[in-house]
Amino acid sequence: MKYNENEEFMMKSVTLSLLQSAANAFDFGGPVLCDAHHYGEGHINDTFVVWREDHSKRFILQRINTDTFTNPVGLMENVCGVTRHLRAKILAEGGDPARETLNVIPTLSGSTCYLDADGGAWRAYDFVEDTICLQQVGSEADFRTVAETLGKFQNQLEDYPASTLHETIARFHDTPNRYANFEKALAADALGRAKNITSEIEFIHAREQDCHVLLDQLAAGEIPLRVTHNDTKINNVLIDAATGKGICVIDLDTVMPGLSAYDFGDSIRTGANDCAEDEPDQSKVHFDLHLYEVFAKGYLSTAGASMSIAEKKSLAWGARLMTLECGIRFLTDYLEGDHYFHIARPDHNLDRARTQFTLVRQMEEVFDQMLEIVCPDNH
């Protein structure tokens, strides 16, 4: 789980005895062997692999970060509802639900999660074997595959009642609210840093109306509320090791009601450029319109059939606004004293914000082309 790879959260450390106690609560079909070494690249939840004693099968066992996700039971209701729906769709399409969606392992008492004596919340999944989890875009083909898989995920959930889902992180992609939080931080100016960032402040203020575009379209009924993943980075798509094709979307903790523009936009923000998110030299920051086109064509090839012209056009806005929103969040944290995003150097969050704003400027310069790509002849 990574909303941003720089975020860090602290919970009580997991000992082998705590891990074994949690594992014993689940219906793994027999006793399991535990290893207290963390698995994977995520920084939010604590993730481990456990094996059946005869090594015939392995599973993912995860402690949910309840500082971030304060309603783990509601979160698991989301996960179970969505994966149940996906499983039915996959079966109807002749697919393999054991590999093409997450499969939740219940506790021995039939619950979706286990609450330990310290208040920790645990859940378990089947391990999806013979897959690769990419940490960065290695090729255009990789990016296209991720796009196709995320588009298919959206399309399969097109008829799921989004309004029934719990909001696992309140107002996560509410860009006007992120703007309002920035204004509060600016007014307080707790560390006296505002004087150092006058151009960045002007940049955000000049785009206040942009922050409202997507939610205004939703309120006007121009674009639909959908089930969205809300953390659509490349490492949340499992790639089949044999075929190189995307097969399963993982990390469903932020599946919530949202807009297709959120998922599309966050993928573009993180994938359609050739720079580090915290690049201090802005001359090295480049939005890649070609990669945007690669992703857009892949995404629309699997999701486009259920999307209106207005919704397709909103995807281009999603790229702009998810990038702007992230920059606003970095700058807000800078003003407040760097308490949310982990920093490794002075002005780290300021560098991150400037990188996002550079990308936004470059998107604005080619925005007509971005619209043409997602909605040819109708922009």
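Analysis parameters
Residues numbered from 1 in each chain as written. Predicted model: local features only at pLDDT ≥ 70, side-chain atom pairs only at ≥ 80, totals over all residues. Heavy atoms only, no water. Buried < 20%, exposed > 50% of the residue type's maximum accessible area, 1.4 Å probe, protein only. Helix = DSSP H or I, 4+ residues; strand = E, 2+ residues; numbered from the N terminus. Pairing = 2+ DSSP bridges. Axes fitted to C-alpha atoms, helices over the stretch in contact; angles between N-to-C directions. Left-handed = near helix turned anticlockwise from the far one by under 90°. Contact = heavy atoms within 4.5 Å. Nonpolar A, V, L, I, M, F, W, Y, C, P; charged D, E, K, R; others polar. Phe/Tyr/Trp six-rings, centres within 6.5 Å; stacked < 30°, edge-to-face > 60°.

Under an unreviewed UniProt entry, the name given to the protein chain is Mucin desulfatase, and the source organism is Faecalibacterium hattorii.

Novice: Explain the pairing of strand β2 (residues 46-52) to me, please; I cannot follow it from the model alone.
Specialist: The side chains of a regular strand alternate, first on one face of the sheet and then on the other. With 5 of 7 residues buried, β2 lies mostly within the body of the structure. For strand β1 (residues 32-34) and β2, the ladder comprises 3 bridges, and the chain directions are antiparallel. Looking across to β2, one finds that Leu33 is bridged to Trp51. Pairing of β2 with strand β3 (residues 58-64) involves 6 bridges; the strand directions are antiparallel.

Novice: Sorry, what's going on with the packing of helix α8 (residues 260-271) against helix α9 (residues 289-303) here?
Specialist: Two quantities define a packed helix pair, namely the angle between the helix axes and the distance between the axes. Remark: α8 packs on α9, axes separated minimally by 10 Å, with the N-to-C direction vectors making an angle of 145°. Between α8 and α9 the crossing geometry is right-handed. Across the interface between the two elements, Ser260, Phe264, Ser267, Ile268 and Gly271 of α8 pack against Leu291, Tyr292, Phe295, Ala296 and Tyr299 of α9. A breakdown of the residues in the contact of α8 with α9 according to their chemical character gives 7 nonpolar, 3 polar and no charged.

Novice: Quick question: what am I supposed to make of the packing of aromatic side chains here?
Specialist: Summed over the entire model, instances satisfying the criterion amount to 14 aromatic pairs. With a centroid separation of 4.9 Å and an interplanar angle of 45°, the aromatic rings of Phe143 and Phe295 are classed as tilted. On the criterion of sequence distance, the pair formed by Phe143 in helix α4 (residues 140-156) and Phe295 in helix α9 is long-range, its members being 152 residues apart. On the accessibility criterion, Phe143 (3% relative accessible area) is buried. One aromatic cluster in this structure is built from Phe143, Phe264, Phe287, Tyr292, Phe295 and Tyr299.

Novice: In this structure, what is going on with the sheet that holds strand β7 (residues 131-133)? I would like to understand it.
Specialist: Each strand in a sheet pairs with its neighbour through backbone hydrogen bonds, running either in the same direction (parallel) or in the opposite one (antiparallel). What the 3 strands build is an open sheet, ordered β7-β9-β10; its pairing is antiparallel. The strands lining the two open edges of the sheet, one partner per strand, are β7 and β10 (246-249). Taking each pair of neighbouring strands and ignoring which way they run, the sheet shows an average axis angle of 35°. Pairing between β7 and strand β9 (residues 237-240): 3 bridges, direction antiparallel. Across the sheet, Thr131 pairs through a bridge with Asp240, a residue of β9. Of the strands in this sheet, β9 and β10 touch α4, which is tilted by about 50° from β10.

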